[in-house]
Amino acid sequence: MNLIVEASGLVKWFGEEAARTFALRGVDLWVSYGEMLYVVGPSGSGKTTLLSVISGILRPNEGWVRIKNVEIWKLNSSELAKFRLNNIGFVFQDYHLFPKLTALENVIIPLVLKNIPWEVAQERALHYLDIVGLKNRATLPPYKLSGGEQQRVAIARAIVSEPDLLVFDEPTASLDGETGKNIISFVRHNILNDKRAIIVVTHDTRIFDFAHRILHMEDGLIKNEVNHAS
Amino acid sequence: MNVGIARIAIKLLISDKAKFFTLVLGVTFAVFLILQMTSLFIGILTRSTSNVLNVGAQVWIMDPTVESDRTIVPLPDYLLNAVRSIPGVLYAFPIYQGSGLVKLPNGAYQGVNIVGLDDTSLFGRPIILEGNIYDIYSEDAFIVVKDAEYKKLGSPKIGATFEINDHRGVIVGIARSVIPGLFGNPTLYTTYTRAIQYLPTTRFTISYILVTLKEPSFLEQVKREVSKIGYRAMSESEFVEMIKKYYMFKTGMGMNILMMTLVSFVVGTSIAGQTFYAFVLENLEKFGALKAIGATNGDLVKTIILQSSFVSFLGFGFGNLICSSYIAFAKMRIPNYAAIITYKNIFLTLLVVVLITTLSSYIGIRRVIRIEPFEVFRG
Ligand SMILES: Nc1ncnc2c1ncn2[C@@H]1O[C@H](COP(=O)(O)OP(=O)(O)OP(=O)(O)O)[C@@H](O)[C@H]1O
Ligand SMILES: [Mg+2]
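About the thresholds
Residues numbered from 1 in each chain as written. Chains lettered and ligands numbered in written order. Predicted model: local features only at pLDDT ≥ 70, side-chain atom pairs only at ≥ 80, totals over all residues. Heavy atoms only, no water. Patch = residues over 30% accessible without salt bridge, like charges linked within 9 Å, V, L, I, M, F, W, Y side chains within 5 Å. Areas by Shrake-Rupley, 256 points an atom, 1.4 Å probe, with all protein chains shown as cover. Salt bridge = Lys/Arg side-chain N within 4 Å of Asp/Glu carboxyl O. Helix = DSSP H or I, 4+ residues; strand = E, 2+ residues; numbered from the N terminus. Domains from an automatic or database assignment. Contact = heavy atoms within 4.5 Å. Buried area = accessible area lost by both parts, 1.4 Å probe. Polar contact = N/O pair within 3.5 Å; in protein donor to acceptor, adjacent residues only side chain to side chain. Core = buried A, V, L, I, M, F, W, Y, C linked by side-chain atoms within 4.5 Å. Buried < 20%, exposed > 50% of the residue type's maximum accessible area, 1.4 Å probe, protein only. Pairing = 2+ DSSP bridges. Axes fitted to C-alpha atoms, helices over the stretch in contact; angles between N-to-C directions. Phe/Tyr/Trp six-rings, centres within 6.5 Å; stacked < 30°, edge-to-face > 60°. Lys NZ or Arg CZ within 6 Å of the ring centre and 35° of its normal.

S.K.: Would you mind showing me how to read a nonpolar patch on the surface here?
M.R.: On the surface, Phe 29, Val 263, Val 267 and Ile 271 of chain B cluster together to form a nonpolar patch covering roughly 270 Å² of accessible area. Along the chain, Phe 29 of chain B turns up in helix 2 (residues 17-48).

S.K.: Is there a simple way to explain the domain arrangement of chain B in this structure?
M.R.: Residues and elements named next belong to chain B. If you check the domain split of chain B, you get domain 1 (3-47 + 252-376) and domain 2 (76-230). Domain 1 and domain 2 are separated by 49 Å when their C-alpha centres are compared. If you look at the interface, domain 1 gives four residues, while domain 2 gives six residues. Both sides together, the interface formed by domain 1 and domain 2 hides about 500 Å², and carbon and sulfur atoms give 64% of it. Our enumeration of links across domain 1 and domain 2 arrives at zero salt bridges. In this structure, the connection of domain 1 to domain 2 is made through zero residue pairs in polar contact (both at pLDDT 80 or more).

S.K.: Explain the nonpolar core to me, please; I cannot follow it from the model alone.
M.R.: As a rule of thumb, soluble globular proteins bury nonpolar side chains together. Residue and element names in this part refer to chain A. Residues Tyr 38, Leu 50, Leu 129, Ile 155, Leu 165 and Ile 199 are the most contacted members of the largest nonpolar core, which totals 120 residues. Here the element with the most residues in this core is helix 3 (residues 103-113); it accounts for eight residues. Those residues in contact with Leu 129 that sit more than four places away from it in its chain are Ala 103, Leu 104, Val 107, Leu 134, Lys 135, Ala 138, Val 153 and Ala 156.

S.K.: In this structure, what is going on with the sheet that holds strand 4 (residues 62-67) of chain A? I would like to understand it.
M.R.: Within a beta sheet, neighbouring strands are joined by backbone hydrogen bonds and run either parallel or antiparallel to one another. Residues and elements named next belong to chain A. Overall, antiparallel pairing links the four strands, which are arranged 2-1-4-5 in an open sheet. In this open sheet, the two edge strands, each paired with only one partner strand, are strand 2 (21-32) and strand 5 (70-71). Sheet topology places strand 4 next to strand 5; two bridges connect them, and they run antiparallel. Its bridge partner lying in strand 5, Arg 66 is registered against Glu 71. On top of the sheet, helix 1 (residues 47-54) reaches strand 1 (3-14), strand 2 and strand 4; it is set at about 55 degrees to strand 2, its chief contact.

S.K.: What is the right way to read the interface of chain B and chain A from this model?
M.R.: Buried accessible area, meaning the area lost when the parts come together, often serves as the stated size of an interface. Across the boundary between the two partners, chain B contributes 27 residues, which contact 31 residues of chain A. Regarding the contact of chain B and chain A, the summed buried area is about 2700 Å², with carbon and sulfur atoms giving 73% of it. It is Ile 293, Phe 374 and Phe 377 of chain B in chain B that bury the most area against chain A; as a group they hold 30% of the surface buried on that side. Summed over the shared surface of chain B and chain A, the number is two salt bridges. Residue Glu 105 of chain A pairs with Lys 11 of chain B through a salt bridge whose shortest N-O separation is 2.9 Å.

S.K.: Help me out: how do you make sense of the sheet that holds strand 9 (residues 213-218) of chain A in this one?
M.R.: Residues and elements named next belong to chain A. The six strands are arranged 6-7-8-3-9-10 in an open sheet whose pairing can be described as mixed. Edge positions in the sheet fall to strand 6 (88-91) and strand 10 (221-227), since each of these pairs with one other strand and no more. Strand-to-strand, the axes of this sheet are offset by a mean angle of 20 degrees, without reference to chain direction. Bridge count for strand 9 against strand 10 is six bridges, and the pairing is antiparallel. Paired with Ile 214 across the strands is Val 226, a residue of strand 10. Lying on the sheet, helix 5 (residues 147-159) is in contact with strand 6 and strand 7 (165-169); it crosses strand 6 at an angle near 165 degrees.

S.K.: Can you help me understand unusual backbone geometry in this one?
M.R.: Trans peptide bonds make up most of the peptide bonds, and negative phi angles are found at most residues other than glycine. Residue and element names in this part refer to chain A. If you check the backbone angles, Glu 17 has positive phi at about 50 degrees while not being a glycine. Mapped onto the fold, Glu 17 is located in the loop between strand 1 and strand 2. Glu 17 sits in the exposed class, given a relative accessible area of 68%. Positive phi, close to 50 degrees, is recorded for Glu 162, a residue that is not glycine. Residue position: Glu 162 is located in the loop between helix 5 and strand 7. Taking the relative accessible area as the measure of exposure, Glu 162 reaches 44% and is therefore partly exposed.

S.K.: It is not clear to me how the packing of aromatic side chains should be interpreted in this structure. Could you clarify?
M.R.: The geometry of two aromatic rings is summed up by the distance between their centres and the angle between their planes. Applying the stated criterion across every chain yields a total of 18 aromatic pairs over all chains. Ring geometry for Phe 92 of chain A against Phe 377 of chain B: centres 5.2 Å apart, planes inclined by 55 degrees, an arrangement best described as tilted. Taken together, the positions of Phe 92 of chain A in the loop between strand 6 and helix 3 and Phe 377 of chain B in helix 12 (residues 373-378) put the pair across two chains. Lys 12 of chain A extends its terminal NZ or CZ atom over the ring of Phe 14 of chain A, reaching a point 5.5 Å from the ring centre. Of note, Arg 213 of chain A hangs over the ring of Trp 30 of chain A, and the distance from its end group to the ring centre comes to 3.7 Å.

S.K.: Even after reading the chapter, I still don't get the pattern of salt bridges, so can you show me in this structure?
M.R.: Pairing between side chains of opposite charge can happen when their charged atoms approach one another. All told, the structure shown has 20 salt bridges over all chains when counted by the stated rule. As a salt-bridge pair, Lys 74 of chain A and Glu 71 of chain A come within 3.7 Å of each other at their nearest N and O atoms. For Lys 74 of chain A, a relative accessible area of 64% translates into the label exposed. Salt bridges sharing common partners tie together Lys 100 of chain A together with Asp 16, Lys 19 and Glu 282 of chain B.

Pasting the structure below:
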């Protein structure tokens, strides 16, 4: 099997000495290309921590993470930032779009960070807004869009630099059930392909059907794994 | 420079119209106040030296206790000959500077500055607009300076007579001065001899001795020789500097201007600083999200610096515009309004603006550098 993510022995704690709490107690994990992987579990079980460690924004205390055969925690911080920019797309629960920039400008940002000339970037951003079905909303600011539309803009921003790994943290938590389902369904059928993988952290049982595989976390460990026939 | 970052940064800034307006207003306000204060200060300082600059002598000799042109310590007559015999001195002439009281035709009194020019050379003579400088030798003759104070004497024409310190005076010419004076009195020129006859004087009557050197290089030597006989020689520019320092440091004026500049600075910084910080705070999570996406601290610092530079650029421009219009308007209404905008105070204001915006963005930058993308993820 062709793996995009491999990780092993991940340990992460917060605080020192007596006040130390373990968020990850030794997690092993792999993700293959073309896979939609869910991480679920009770609040405080370490899902967000795991996602952050895997995606290169939170350094683990122990263990290693390899993405596309690069051991990311051996990179220095600017190399790592560059690696994320080129290889990982992020979608957050609260979208984190700039409310007063236009949808288009929000989507352009990752391209601007990659020094892509403005005209080229604009065209590409528009293309991805088209993919998420918002081409005709390109010049509107996010605060004028619905929650579902905002999350689509955020998805366009996550995929505009054509990353191979997408990480979604609670992508449907701020959306109503139907909209959430539609968005994940859309992601599963239109965004996911053989050349990329998607990791989704969620509580939302209504979207479980779209997963290929579900990891159940509890108290900093993966307790069991469920494969969905799909 | 990444044009894209600049575009996004500026768009982000101006799209928050209320904050953007407050920011520009804060900087504009500070620029206006500081520029206005300092240009008034420079204007006043320049005028404070009009008594020296309007005479146009190379070297001034005075009593060593003189601190400014406000206190004139009269010099003994023998000093004139002593100075004339110093090697390096080409000419030396006395000048009288003092004040008198003119009784106007309507019975009111008006204080005037009197300049008594050396009878033989008329050294330090003003620029004549009407009449002939040599009419100054005719009986009771005075030449009046047509400046902003001229009308206080009833705008006298040639031939007009008046009473000065109980003597008769007649206007024989109208002159103009290079630099208007600071204290709002009209100025009359007459001869040295007549000045000391008409005006109550002390035992000694020479206000200053004006010297022309054979060569500018003789300056140091002449200064030394003059100090040997117990007096002080200064070049024109040294005298001017001394007077300016006097007004700056010994009259409270400099202190006041400094205080006002500081206050403007503090007010400008707090308005701009708070607004900018609020702006950064409001977008903090989004900046954090950008860090997750792969923006470096450098990218974000660049963004903030661009934004603050843009604000200071606008504030500086508007502040300058408003201040120069204000001064131009004030000069239309008050001909004697002293403010002068020079490159010096524009430059000073620019420095203050840069300081204000640097300080304002600094706290924002620190905050942005510290935000961890993980915090954004955790919500
Ligand atoms: N910065 C931190 N400082 C201290 N403890 C932390 C910090 N971040 C996380 N933790 C702790 O680590 C554990 C795992 O947190 P994490 O956010 O990964 O949980 P989660 O599974 O995502 O929970 P939720 O479903 O509520 O989002 C929790 O006990 C949490 O309190
Ligand atoms: Mg979480």
